[in-house]
Amino acid sequence: GQVVYDPRGAVETSPRAISPRLKSPAGLRLGVLDNTKWNARKLLERTVALLQQEAPFAEVRYYKKESFSRNADPALIAQIARECGAALTAIGD
C-alpha cells in the first residue's frame, strides 16, 4: 500500500499571559531586535524615528539575531527583557 503523510503537522503550545500594554513608551529604554533580513534595519530605524516623535525614548539599543532563519537565542531575548522597558522587531523583507 501507499503511505500518505499529513503535511499539517502538530504544534503543542501552552497558554501564556500577554504582557500588559504600555500606556506610553516615553522615557523608556527601547530594545530593537534586527532579524538580519535585508531591509529590516531600514524598517526598524524608520519606525523608531516615527515612534520618537510621539513619545521620546530615554535610549534606544539595537540588538541583532544570528540569522533571520533561526529563532533568537533565548539568552538574547532575556538580555533585551532585562535591559529594556519595551521591545520592537519586524521582518523587513
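As shown above, the structure is provided for reference.
Conventions used here
- Residues numbered from 1 in each chain as written.
- Predicted model: local features only at pLDDT ≥ 70, side-chain atom pairs only at ≥ 80, totals over all residues.
- Heavy atoms only, no water.
- Helix = DSSP H or I, 4+ residues; strand = E, 2+ residues; numbered from the N terminus.
- Rg over C-alpha atoms; globule rule 2.2 N^0.38 Å.
- Buried < 20%, exposed > 50% of the residue type's maximum accessible area, 1.4 Å probe, protein only.
- Phe/Tyr/Trp six-rings, centres within 6.5 Å; stacked < 30°, edge-to-face > 60°.
- Expected span 1.5 Å × (residues − 1).
- Arc of directions from axis to C-beta.
- Contact = heavy atoms within 4.5 Å.

## Considering the overall build of the protein
Then comes step 1: Scanning the protein for helices and strands turns up 2 helices and 3 strands.
Then comes step 2: Ordered by position in the sequence, the α and β elements of the protein form the string β-α-β-α-β.
Then comes step 3: At 17 Å, the protein has a C-alpha radius of gyration far larger than the 12 Å of a compact globule built from 93 residues.
Then comes step 4: For the protein, the spread of C-alpha atoms along the principal axes amounts to about 65 × 30 × 25 Å.
Then comes step 5: When each of the 93 residues of the protein is scored for burial, the buried share is 24%.

## Focus: the packing of aromatic side chains
Then comes step 1: Evaluated as defined, the whole model comprises 1 aromatic pair.
Then comes step 2: Pairing W38 with F68 gives two aromatic rings, centres 5.3 Å apart and planes at 50°, and the pair type is tilted. Of the two residues, W38 sits in the loop between strand 1 (29-34) and helix 1 (40-54) while F68 sits in the loop between strand 2 (59-64) and helix 2 (74-83), which places them 30 residues apart along the sequence.
Then comes step 3: Assessed through its relative accessible area of 64%, W38 is described here as exposed.

## Some details on unusual backbone geometry
Then comes step 1: Backbone geometry at T36 places phi at a positive 75°, although glycine is not the residue there.
Then comes step 2: Structurally, T36 can be placed in the loop between strand 1 and helix 1.
Then comes step 3: Judged by its relative accessible area of 26%, T36 is partly exposed.

## Let's talk about the environment of E12
Then comes step 1: Along the chain, E12 turns up in the segment before strand 1.
Then comes step 2: Along the chain, E12 and L76 lie 64 residues apart, while their C-alpha atoms are 24 Å from each other.

## Observations concerning helix 1
Then comes step 1: Taking 1.5 Å of rise per residue, 15 residues should cover 21 Å, and helix 1 covers 21 Å from first to last C-alpha, within 8% of that figure.
Then comes step 2: Regarding helix 1, the residues found buried are A40, L44 and V48. Angularly, the buried residues of helix 1 cover 60° about the axis, an arc narrow enough to put them on a single face. In helix 1, those exposed residues whose orientation departs by more than 90 degrees from the buried face are K42, R46 and Q53.
Then comes step 3: For helix 1, the secondary structure elements touched by its buried residues are strand 1, strand 2 and strand 3 (86-90).

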